[in-house]
Amino acid sequence: MRPFAYVRARTVQEATAAHAAHPGARYLAGGTNLVDLMKLGVEAPETLVDVTRLPLDAVEELPDGGLRVGATVRNSDLAAHPLVRDRYAAVSRALLSGASGQLRNTATTGGNLLQRTRCPYFQDLTKPCNKRAPGSGCGARDGVHRDHAVLGHSYLCIATHPSDLAVALAALDAEVELHGPDGERTVPVADFHRLPGDHPELDTVIQPGELITAVTLPAATAGLPSAYRKARDRASYAFALVSVAAVLDLDEHGAVRHLGLAFGGLAHRPWRARRAEAALLGATPTAENVARAVAAELDAAEPLRDNAYKVPLAHRLAGAVIGGLAGTHRT
Amino acid sequence: MQPTTPPPPPDAYHSEVTLRVNGTPRALTVDHRTTLLDALREGLGLTGAKKGCDHGQCGACTVLVDGRRANACLLLAVALDGCDITTVEGVAKDGGDRLHPLQQAFLDRDAFQCGYCTPGQLCSALGMLAEAAAGHPSLATDPDAPPAQGAVPLTPDEIRERMSGNLCRCGAYPHIVQAVEDVIR
Ligand SMILES: Cc1cc2nc3c(=O)[nH]c(=O)nc-3n(C[C@H](O)[C@H](O)[C@H](O)COP(=O)(O)OP(=O)(O)OC[C@H]3O[C@@H](n4cnc5c(N)ncnc54)[C@H](O)[C@@H]3O)c2cc1C
Ligand code: SF4
Ligand code: FES
Ligand code: FES
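Residues numbered from 1 in each chain as written. Chains lettered and ligands numbered in written order. Predicted model: local features only at pLDDT ≥ 70, side-chain atom pairs only at ≥ 80, totals over all residues. Heavy atoms only, no water.

1. Thoughts on the sheet that holds strand β3 (residues 47-50) of chain A
Residues and elements named next belong to chain A.
At step 1: With parallel pairing, 3 strands are arranged side by side in an open sheet as β1-β3-β2. Of all the strands in the sheet, just β1 (5-8) and β2 (25-28) have a single pairing partner and so form its edges. Strand-to-strand twist of the sheet, defined as the mean angle between neighbouring strand axes without regard to direction, takes the value 25°.
At step 2: Strand direction decides the pairing type here: β1 and β3, joined by 4 bridges, are parallel. Of the residues in β3, the one forming a bridge with Tyr6 is Leu48.
At step 3: Contacts from helix α1 (residues 12-21) reach β1, β2 and β3, with the element oriented near 150° to β2. (Pairing = 2+ DSSP bridges. Helix = DSSP H or I, 4+ residues; strand = E, 2+ residues; numbered from the N terminus. Axes fitted to C-alpha atoms, helices over the stretch in contact; angles between N-to-C directions. Contact = heavy atoms within 4.5 Å.)

2. What about the side chain of B:Glu158?
Residue and element names in this part refer to chain B.
At step 1: Its location among the elements puts Glu158 in helix α4 (residues 156-162).
At step 2: Among the residues examined, Glu158 registers a relative accessible area of 4% and is labelled buried.
At step 3: Polar side-chain contacts of Glu158 include one of 2.8 Å to the side chain of Arg162.
At step 4: If we skip the residues at most four places from it in the chain, Glu158 touches Ser138, Ala140, Thr141, Val152 and Pro153. (Buried < 20%, exposed > 50% of the residue type's maximum accessible area, 1.4 Å probe, protein only. Polar contact = N/O pair within 3.5 Å; in protein donor to acceptor, adjacent residues only side chain to side chain.)

3. Points about the site of ligand 2
At step 1: Taken together, 15 residues lie around ligand 2, and A:Cys119, A:Cys129, A:Cys138, A:Cys157 and A:Ile158 are the ones closest in.
At step 2: Residues belonging to the shell around ligand 2 are distributed by class as follows: 11 nonpolar, 3 polar and 1 charged. (Near = heavy atom within 4 Å. Nonpolar A, V, L, I, M, F, W, Y, C, P; charged D, E, K, R; others polar.)

4. A look at the confidence of the model for chain B
At step 1: Looking at chain B, the pLDDT average stands at 94 and 93% of residues meet or exceed 70.
At step 2: This complex was scored by the predictor with a pTM of 0.97 and an ipTM of 0.96. (pLDDT = per-residue confidence, 0-100.)

5. Things to note about the environment of A:Arg146
Residues and elements named next belong to chain A.
At step 1: Inspection of the secondary structure assignment puts Arg146 in the loop between α7 (109-114) and α8 (165-171).
At step 2: When near neighbours in sequence (up to four residues on either side) are disregarded, Arg146 contacts Asp233, Leu241, Asp306, Asn307, Tyr309 and Lys310.
At step 3: Side-chain polar atoms of Arg146 contact the side chain of Asp233, separated by 2.8 Å.

6. Brief notes about the site of ligand 1
At step 1: The environment of ligand 1 is formed by 33 residues, the closest being A:Tyr27, A:Gly31, A:Thr32, A:Thr108 and A:Asp164.
At step 2: Nearby residues around ligand 1 are contributed by chains A and B.
At step 3: Take A:Thr108: an N or O atom from its side chain is 2.6 Å from an oxygen atom of ligand 1.
At step 4: Surface burial for ligand 1 is 95%, taken as the share of its 980 Å² of free accessible area covered by protein chains.
At step 5: For the shell around ligand 1, the secondary structure elements donating two or more residues are β2, α7 and β8 (211-217) of chain A.
At step 6: No other element matches α7(A), which puts 3 residues into the shell around ligand 1.
At step 7: In terms of residue class, the shell around ligand 1 is made up of 14 nonpolar, 14 polar and 5 charged. (Areas by Shrake-Rupley, 256 points an atom, 1.4 Å probe, with all protein chains shown as cover.)

7. A word on the UniProt feature "domain: FAD-binding PCMH-type" (unreviewed entry) in chain A
At step 1: As recorded in UniProt, the feature "domain: FAD-binding PCMH-type" (unreviewed entry) lies at residues 1-222 of chain A.
At step 2: Along residues 1-222 of chain A, the helical share is 27% and the strand share 17%, with 44 Å between the first and last C-alpha atoms. (UniProt positions renumbered as here; feature names shortened; annotations may be inferred.)

8. Points about the interface of chain B and chain A
At step 1: Taken together, the contacts link 43 residues of chain B with 40 residues of chain A.
At step 2: Counting the surface lost from both chain B and chain A, the interface buries some 3,400 Å², and carbon and sulfur atoms represent 53% of this.
At step 3: Looking only at chain B, the three residues that lose the most surface to chain A are B:Arg33, B:Leu74 and B:Leu139, adding up to 18% of its buried area.
At step 4: Secondary structure elements with two or more residues in the side of chain B that touches chain A: β4 (68-71) and α3 (118-133) of chain B. (Buried area = accessible area lost by both parts, 1.4 Å probe.)

9. A look at the domain arrangement of chain B
All names here are of chain B.
At step 1: Split into domains, chain B comes out as domain 1 (10-90) and domain 2 (94-184).
At step 2: A separation of 22 Å is found between the C-alpha centroids of domain 1 and domain 2.
At step 3: Domain 1 puts 15 residues into the contact, and the matching count from domain 2 is 16 residues.
At step 4: Measuring nitrogen to oxygen at the nearest pair gives 2.9 Å for the salt bridge that ties Arg69 to Glu131.
At step 5: Summed over the shared surface of domain 1 and domain 2, the number is 7 residue pairs in polar contact (both at pLDDT 80 or more).
At step 6: Counting residues per element, the side of domain 1 that touches domain 2 draws most heavily on strand β3 (residues 62-65), at 3 residues.
At step 7: A breakdown of the residues in the side of domain 1 that touches domain 2 according to their chemical character gives 5 nonpolar, 7 polar and 3 charged. (Domains from an automatic or database assignment. Salt bridge = Lys/Arg side-chain N within 4 Å of Asp/Glu carboxyl O.)

As structure tokens, then:
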């Protein structure tokens, strides 16, 4: 590991100023991804700007009934927060289905969204990888890619984004607050992560030096039935093969007034299923209607040699989650 | 990766930190690359916490940081200045003379074979018991039950789910669950 300088920031201004003053700087939050990647040589920052002691560790209730979650709130604390469990169940469940008790105690809200892919070629300096070393090729495309993307991948990269939390936040219309050298801005979580396209080295739309200060959960989805379900190779402590987050609101006739649906494990970003949502709007969520709507979304899938199993798995998971929320299917 | 001895003067790549380890303040000059695990094992000679994977994947390095369980292999010591650390060496009572009931339960239940994962299992279980007592849910907790005010009852399913961050290559899992059940009864 390359030696590095260490700066402990006390305020948001101190953090962004320290980042700007030190070329090759990275923000350090829980470190559960960054320190791991530094050990592997994938990351080699010259300076770490520690943000864990910034005053961003609170979950605040907004006047309209939404929640503002500080960037350094630990994953375990967010999952256990009574208002989160009560109003945004999918967020709590997504967090609890990720990593381990120890890791969740350390991992932060901001760091979780910015964790890098678990593609084994990305983590291995001896292998080609366009995300880590642009232009070197993609080892996974013709290699081991059982865990990789079936939607929205490009010739250059077929990686998936590993966060469970991001999938739930995308379904619930949460937003990311960013604080950068040029001021503040807000980006919907569903638009925060990118598709790989010609630039797989860029995971998200974050700009150099920008700091995530908070994630806001909107009043519009507060208190609606929501759920998260994850399929994986072992019962606990494994990344998603496929996951589904959904939030559902039915009108007095049992027709869909609002559906937010997002998939994890299928793409380079949480896959917000807008086509399926539109197909179900105003319809009753019967098993047939849900199956047709989800099929419309997954028609776009382009599986690789070894990951075609993800498409029917996603289909069934989505059916079970939406059916469970509609009360027509026990998940 | 190791704290240098004798300590060089702090420069851009080293810092002085104080960790309260098992109740005793310990001042160290650390290379910033030093993990908490290496600081404990190499710097302070506390070899209870084990290095299994060094990547957050096995739980052998689990210690308590400010009372919460964490993987010492992914924490940088420099970031923990002023924190309270409890390692397995600090778990027994009366200065180490009297085993903690959980340690005794591990012995009574034969909850290990080689013992390499055991310090991590013990610290993890202690952290986990505190989390459940504080009402923190797990994936095994019914999400439809209203947010618990009090402690979450620990069924075997709850214990297994909450302890999934600690792998045991010897497969002592059934006895580990029993040992944890013994201390909650
Ligand atoms: C064994 C293992 C299993 C795991 N399993 C799962 C799983 O099943 N599901 C899952 O979702 N995750 C899983 N994870 C990943 C884990 O959730 C992430 O490592 C964690 O959420 C990252 O948060 P952190 O605070 O530790 O981030 P760090 O490692 O500190 O940072 C990650 C990145 O974000 C940047 N960053 C951090 N905070 C900010 C900020 N506020 N503003 C701007 N940039 C910032 C850092 O510079 C770095 O690039 C697993 C990890 C391990 C090691
Ligand atoms: S899928 Fe993406 S991350 Fe994996 S090897 Fe290919 S380019 Fe790299
Ligand atoms: S050594 Fe830390 S988790 Fe394996
Ligand atoms: S007792 Fe040998 S690894 Fe657990």
